[in-house]
Amino acid sequence: MRTLPFLLVSLMWTVLYSQNSASQKVWLDGDVYVEYFDSTEKHPNRYTSNNHIYKAGTSIKFDYTFIDPQGKTFKFQSNEDKNTPWELVELNKASTNTIAHIRMDVHYAQDPIQSKNPSYDKTTISYTYLNNATSQIVSYNGLVENELNVWLQPPNTDFFGILQLNPFPFIQASYKKGNRWQLSNKVNAAWSNARWKTWEGNLDVSFDYGITGERYIESKIGKLPCYIVEAEGKSKLGKTALKAYFNLDHGFVKLEYFNIDRSQIIFDIVEFNSAE
């Protein structure tokens, strides 16, 4: 594969970041580099203002597919029954109540998360479930974007709770094949579910990441050059994995999760509406 287009775009991205982040400082918070500011900086948009991809006001729509261990494909829908708040629906049996797409929105300020956690140091995003009848924000999550890494929390409500055991979308500089890094996490038993795995207390999970290649992929928003990030998660419950496709202008455009119960969840970008 010709790597020159990737190299040129990567260099342009680095220059853009250096121009926008002259006063930016980052520090290693656990395994992720995050921005930090002195006590006089209180602007509500300070963690998002220099983002190149995930700017405040950006809205991204994803299609998704759940594949069970037998290879059958599903989407899901919410139920009013508290004992069974969601159920899987085969693609050929989808209804107007079936969640067709997931939308991710990047927020200007950090609320509502910061109001509950004053030390919160990430960009706030929200996930909205979309069907043919309604749209409903279901969770607020976090995102980090700076010149050293991009890290993203996936949706985690309803059946997406299974993804808490998987590697999260995460790419770290330098952006070239062979770069490797690690991350560790403690997953609370609140994410335990008999539909995939159960445990008590905090579950220690270690993740190994690496950039394994570069390729163009066809998507609903066009043909995109992507870095391929492959990651594996390990815990006493077993292994999980993620294959992520990262584009320098649109972020994570395709995500292939391999789950703890041998199922898969695949996200594909459908729309990217930038704030500018």
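What you are looking at is a predicted structure, and each value in this text was computed from that prediction instead of being measured.

1. Here we look at the overall build of the protein chain
- Counting its secondary structure elements, the protein chain contains two helices and 16 strands.
- Burial status across the protein chain gives 47% buried among its 276 residues.
- Summarising the internal contacts of the protein chain: among those between residues at least 6 apart in sequence, 56% fall at separations of at least 24.
- Of the roughly 13,700 Å² of accessible surface on the protein chain, 48% is carried by carbon and sulfur atoms.

2. A short note on the pairing of strand 15 (residues 251-258)
- Taking burial as the measure, the eight residues of strand 15 include seven buried ones, the bulk of the element.
- Here strand 14 (residues 238-247) pairs with strand 15 via seven bridges, running antiparallel. Following the sheet pairing, Ala244 is matched in strand 15 by Leu255.
- Count of turn residues in the strand 14/strand 15 antiparallel hairpin: three residues.

3. Some details on the nonpolar core
- Counting residues in hydrophobic clusters, the biggest one holds 63 residues, and the most contacted among them are Tyr54, Met104, Phe160, Ile171 and Phe267.
- With near-sequence residues (within four places) excluded, Phe267 lies in contact with Phe62, Asp63, Tyr64, Ile102, Pro155, Phe160, Leu163, Val253, Lys254, Leu255 and Tyr257.

4. Thoughts on the side chain of Thr240
- With respect to the element layout, Thr240 can be found in strand 14.
- Classification of Thr240 as buried rests on a relative accessible area of 4%.
- The residues touching Thr240, leaving out its near neighbours within four places in the chain, are Leu165, Asn166, Pro167, Phe207, Ala231, Glu232, Gly233, Phe258, Asn259 and Ile260.

5. A closer look at unusual backbone geometry
- Across the junction of Ala173 and Ser174, the peptide omega takes the value 10 degrees, indicating a cis bond.
- With respect to the secondary-structure elements, Ser174 resides in the loop between strand 10 (170-172) and strand 11 (180-188).
- In this structure, Arg262 takes a positive phi of about 75 degrees despite not being glycine.
- Along the chain, Arg262 falls in the loop between strand 15 and strand 16 (264-273).

6. Observations regarding the confidence of the model for the protein chain
- Confidence in the prediction for the protein chain averages 88 pLDDT; 86% of positions are at 70 or higher.
- A low-confidence stretch, residues 11-22 (pLDDT under 50), is modelled with 16 contacts involving residues beyond four sequence positions or located in other chains.

7. Notes on the pattern of salt bridges
- This model, assessed by the stated rule, comprises seven salt bridges.
- Between Lys75 and Asp63 there is a salt bridge; the shortest N-O distance is 2.6 Å. On the criterion of sequence distance, the pair formed by Lys75 in strand 4 (residues 73-78) and Asp63 in strand 3 (residues 59-67) is long-range, its members being 12 residues apart.
- Lys122 is the salt-bridge partner of Asp121, the closest N and O atoms lying 3.1 Å from each other.
- What makes Asp121 buried here is its relative accessible area of 9%.
- Overall, the relative accessible area of 18% leaves Lys122 in the buried class.

8. With respect to the packing of aromatic side chains
- For the structure on display, the rule yields 22 aromatic pairs.
- Judged by centre distance (5.5 Å) and plane angle (85 degrees), the rings of Phe66 and Phe159 are edge-to-face. Taken together, the residues span a long stretch of sequence, with Phe66 in strand 3 and Phe159 in the loop between strand 9 (149-152) and strand 10 at a distance of 93 residues.
- Note on Phe66: relative accessible area 7%, which makes it buried.
- Seen from their ring centres, Phe170 and Trp181 are 6.0 Å apart, and the 85 degrees between their planes marks the pair as edge-to-face. Here Trp181 lies in strand 11 and Phe170 lies in strand 10, a separation of 11 residues in the sequence.
- Judged by its relative accessible area of 1%, Phe170 is buried.
- On the accessibility criterion, Trp181 (3% relative accessible area) is buried.

9. Observations regarding the environment of Phe37
- Mapped onto the secondary structure, Phe37 falls in the loop between strand 2 (32-36) and strand 3.
- Placed 12 residues apart in sequence, Phe37 and Lys25 show a C-alpha to C-alpha distance of 7.0 Å.
- Apart from the residues lying within four places of it in its own chain, the contact partners of Phe37 are Arg46 and Tyr47.

Quick notes on the rules
- Along every chain, residues carry numbers that run from 1 in the direction the sequence is written.
- A pLDDT threshold of at least 70 governs which residues receive local features in this predicted model, and a stricter bar of 80 or more applies before side-chain atom pairs are shown or counted, although totals over entire chains, interfaces and linings include all residues.
- Side-chain metrics rest on all non-hydrogen atoms present in the structure, leaving aside hydrogens and water.
- Note on conventions: DSSP H or I runs of at least 4 residues are helices, E runs of at least 2 residues are strands, and numbering of each starts at the N terminus.
- Throughout, exposure labels follow a simple rule: accessible area from a 1.4 Å probe, protein chains only, divided by the maximum for the residue type, with under 20% read as buried, over 50% as exposed, and the rest as partly exposed.
- Pairs of residues are marked as contacts when any of their non-hydrogen atoms sit within 4.5 Å.
- To measure how exposed things are, a 1.4 Å probe is used in the Shrake-Rupley method; for residues, cover is taken only from the protein chains shown.
- Paired strands are those between which DSSP finds at least two bridges.
- The criterion is simple. A nonpolar core is a set of buried Ala, Val, Leu, Ile, Met, Phe, Trp, Tyr and Cys residues joined through side-chain atoms within 4.5 Å.
- Scored between 0 and 100, pLDDT is the confidence that the predictor attaches to each residue.
- Salt bridge, as used here: a side-chain nitrogen of Lys or Arg that lies within 4 Å of a carboxyl oxygen of Asp or Glu.
- A pair of Phe, Tyr and Trp rings is counted when the ring centres sit within 6.5 Å of each other, with Trp represented by its six-membered ring. The angle between the planes then sorts it: under 30 degrees is stacked, over 60 is edge-to-face, the rest tilted.

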